[in-house]
Amino acid sequence: MAYVARKIPFVGTVDTNPETKPFFEGAAAGKLMIRRCTSCKKAHWYPRALCPFCFGDCDWEQASGKAKIYTFSVMERANPPYAIGYVTLAEGPSVLTNFVDCDFKALKIGQDVKVAFIQTEGEGPSLPFFTPA
Amino acid sequence: MSLRGAAYIVGAWEHPTRKAPDKSIAMLHAECAKGALADAGLTKDDVDGYFCAGDAPGALGPLSMVDYMNLKCRHVDSTDVGGSSYQVAVGHAMEAIAAGRCNVALITLSGRPRSEGQATGTAPRPGNPAAPEMQFEFPYGPATANLYGMCAMRHMHEYGTTSEQLAWIKVAASHHAQYNPNAMLRDVVTVEDVVNSPMVSSPLHRLDCCVISDGGGALVLTKPEIAKSLNRPKVKVIGVGESPKHQMGGEVDLTYTAARWSGPPAWEMAGIKPSDIKYASIYDSFTITVLMQLEDLGFCKKGEGGKFVADGNLISGVGKLPFNTDGGGLCSNHPANRGGITKIIEAVRQLRGEAHPAVQVPNCDLAIAHGTGGALGTRHCGSTVILERE
Ligand SMILES: [Zn+2]
């Protein structure tokens, strides 16, 4: 089945939460920015100022964009259908996303995927999506 | 001090409507309150504690509802954890009663998503963009069905669970719903019917999903002294537990639910084990919800839920664990998209011996009613209530 892209909605603006503005600035430049704790050294998702494991302060870093599919589900009732899923980043955390530019029937848990950025509708910010590596 | 037995459920009433275009949500709440109080043999003047959740209309939780119903309360609580709020409310009401903050607690739920034309499971609903997760989730289309679909997909991957095993849960619910004149879906279905129904969000089919309905329900709890003065069978609350589960900073594990954490304190307070339970009300937004909660509550080992639910094991009079004998959310109703209260109401019916004779469990003295609110795929709360007929 040929892949048909859906329009990606966005709520609020990149200024809604000042805490995550660097994430959206990174995405606009094609970089997947995540946060890592300066104290316990763990990366987390979604990005927070204080580490969700120890409340330590966090730095921003660019993730490799490499990941594996943890799980997925294809919403066949939608027009066009779309595939939601979690991918586990090479850096550790699992991220909610959609799979794009691929045959949904061929998606497999454990499959290698890589990041791709797509702009949200209405001149909204770009966001990370994943596609087979 | 253990709260075991500090409160009794003396009133339980489910609204018979499944479509209420001519009623307001507040009116449905009041009709449910009236029904549950009449069932208990109490009046609205006896109520001094009121409990509701996010389905109650009004910006300030319970205030609009106590005003609308003109209740004079000493205690209110509007903890909102979606469809599990009503199990949580039972626990909180028991605590409030034990602490002397109220004597007669009223819990209500109502809503009309069917009349309002909500595509509950398949259309993502945007929320407040300031919610910290919203901008990292909503763009990816998290509707309800695909959030549970992701759990089912991972469960199948890790444990070999099959669509046919999930289908048995719907088959069991449909066997029960045929005897419920108010149920939306009363036709008995087969495993083939379920797996051949259209795919909604893989691997969940249309018949793996609950119904969308209007309606509601209410419960009345009170302290032992008052319960003993009422002319109703005594249903004692002997165990409660509640716990949220979420994405854990990115350490996502979709193979289990919050029941893994809400169950143990409830079992411990009750002093019983899963094999003692005669009847189980298990939250059934989707078939996979039931399967995972049964594992997490300890009715079978993790990963063996598929085997446990197969071959009619959940059908009253056939299997070892009769479940959702009113047809549950899968066949009867899911008022306000929140099935917690109807789970408790059917458990009360079973313990009183007031379920439909075709599905009544003989000598039903111990029952569980477990709720899940929110979404298993992201954030949810599990809440467990264990009840005993005295
Ligand atoms: Zn840390």
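About the thresholds
- Residues numbered from 1 in each chain as written.
- Chains lettered and ligands numbered in written order.
- Predicted model: local features only at pLDDT ≥ 70, side-chain atom pairs only at ≥ 80, totals over all residues.
- Heavy atoms only, no water.
- Donors = N, O, S within 2.8 Å, 3.2 Å for Na, K, Ca; no water.
- Tetrahedral: all angles 85-135°; square planar, octahedral: opposite > 155°, others 65-115°.
- Buried < 20%, exposed > 50% of the residue type's maximum accessible area, 1.4 Å probe, protein only.
- Pairing = 2+ DSSP bridges.
- Helix = DSSP H or I, 4+ residues; strand = E, 2+ residues; numbered from the N terminus.
- Axes fitted to C-alpha atoms, helices over the stretch in contact; angles between N-to-C directions.
- Contact = heavy atoms within 4.5 Å.
- Parallel < 35°, antiparallel > 145°, perpendicular 65-115°, else oblique.
- Left-handed = near helix turned anticlockwise from the far one by under 90°.
- Nonpolar A, V, L, I, M, F, W, Y, C, P; charged D, E, K, R; others polar.
- Polar contact = N/O pair within 3.5 Å; in protein donor to acceptor, adjacent residues only side chain to side chain.
- Buried area = accessible area lost by both parts, 1.4 Å probe.
- Salt bridge = Lys/Arg side-chain N within 4 Å of Asp/Glu carboxyl O.
- Expected span 1.5 Å × (residues − 1).

1. Regarding the coordination of the zinc ion
Residues and elements named next belong to chain A.
Next, step 1: Here the zinc ion is held by the protein donor atoms Cys37 (SG), Cys40 (SG), Cys51 (SG) and Cys54 (SG), which lie 2.3 to 2.4 Å from it.
Next, step 2: Each of the 4 donor atoms bound to the zinc ion contributes to angles spanning 96 to 120°, and the resulting shape is tetrahedral.
Next, step 3: On the accessibility criterion, Cys37 (3% relative accessible area) is buried.

2. Section: the sheet that holds strand β1 (residues 8-14) of chain B
Residue and element names in this part refer to chain B.
Next, step 1: Pairing in this open sheet of 9 strands is mixed, and the strands run β3-β2-β4-β7-β1-β8-β11-β10-β9 from one edge to the other. The outermost strands of the open sheet, each flanked by one partner alone, are β3 (75-77) and β9 (279-282). In this sheet, adjacent strand axes meet at a mean angle of 20° when their direction is disregarded.
Next, step 2: Lying on the sheet, helix α13 (residues 340-352) is in contact with β1, β4 (104-111), β7 (215-222), β8 (235-245), β9, β10 (366-374) and β11 (380-389); it crosses β1 at an angle near 115°.

3. As for the packing of helix α5 (residues 144-159) of chain B against helix α10 (residues 287-296) of chain B
Residues and elements named next belong to chain B.
Next, step 1: Taken N-terminus to C-terminus, the directions of α5 and α10 make an angle of 55°; their axes are 10 Å apart at the nearest point. Judged by the angle between their axes, α5 and α10 are oblique. Both α5 and α10 take part in a crossing whose hand is left-handed. Each of Tyr148, Cys151, Ala152 and His155 in α5 lies in contact with α10, whose residues at this interface are Ile288, Thr289, Leu291, Met292 and Glu295.
Next, step 2: Classifying every residue of the contact of α5 with α10 by side-chain character gives 6 nonpolar, 2 polar and 1 charged.

4. So, the environment of Arg379 of chain B
All names here are of chain B.
Next, step 1: Relative to the elements of secondary structure, Arg379 occurs in the loop between β10 and β11.
Next, step 2: Along the sequence, Arg379 and Ala270 sit 109 residues apart, while their C-alpha atoms lie 27 Å from each other.
Next, step 3: Every residue in contact with Arg379, bar those within four places of it in the chain, is listed here: Glu133, Glu137, Lys245, His246, Gln247, Gly373 and Gly374.
Next, step 4: A polar atom in the side chain of Arg379 sits 2.8 Å from the side chain of Glu137.

5. Things to note about the interface of chain B and chain A
Next, step 1: Each partner contributes to the interface: chain B provides 42 residues, whereas chain A provides 41 residues.
Next, step 2: Together, the buried faces of chain B and chain A total about 3,400 Å²; carbon and sulfur atoms form 61% of this surface.
Next, step 3: It is Gln135, Phe136 and Tyr140 of chain B that lose the most area in chain B upon contact with chain A, and together they represent 26% of the buried surface on that side.
Next, step 4: Across the contact surface, chain B and chain A share 1 salt bridge.
Next, step 5: Close ionic contact of Glu251 of chain B with Lys42 of chain A constitutes a salt bridge, the shortest N to O distance being 2.8 Å.

6. A look at helix α3 (residues 85-98) of chain B
Residues and elements named next belong to chain B.
Next, step 1: In this model α3 runs 20 Å from its N-terminal to its C-terminal C-alpha over 14 residues, within 8% of the 20 Å that 1.5 Å per residue would give.
Next, step 2: Within α3, the full set of buried residues consists of Ser85, Tyr86, Gln87, Val88, Ala89, Val90, Gly91, His92, Ala93, Met94, Ala96 and Ile97.
Next, step 3: Looking one or two places after α3, you find Gly100, whose phi comes out positive at around 80°.

7. Points about the pairing of β8 of chain B
Residue and element names in this part refer to chain B.
Next, step 1: Where burial is concerned, most of β8 is hidden: 9 out of the 11 residues are buried.
Next, step 2: Where β1 lies against β8, 2 bridges are found, and the strand directions are antiparallel. By the bridge assignment for β8, Ile9 is matched with Val235.
Next, step 3: Two strands pair when backbone bridges link them, and β8 and β11 are joined in this way by 10 bridges, in the antiparallel orientation. By the bridge assignment for β11, Val235 is matched with Arg389.

8. A closer look at the pattern of salt bridges
All names here are of chain B.
Next, step 1: Across all of its chains, the model carries 28 salt bridges over all chains by this definition.
Next, step 2: Taking the shortest distance from any N to any O, the salt bridge between Asp55 and Arg338 comes out at 3.7 Å. On the criterion of sequence distance, the pair formed by Asp55 in the loop between β2 (49-51) and α2 (62-68) and Arg338 in the loop between α12 (328-331) and α13 is long-range, its members being 283 residues apart.
Next, step 3: With a relative accessible area of 9%, Asp55 lands in the buried category.
Next, step 4: Across the salt bridge formed by Glu346 and Arg349, the nearest N and O atoms sit 2.6 Å from each other. Within this pair, Glu346 and its partner Arg349 are both found in helix α13, separated by 3 residues, close to a single helical turn.
Next, step 5: On the basis of relative accessibility, which here comes to 23%, the residue Arg349 falls in the partly exposed class.

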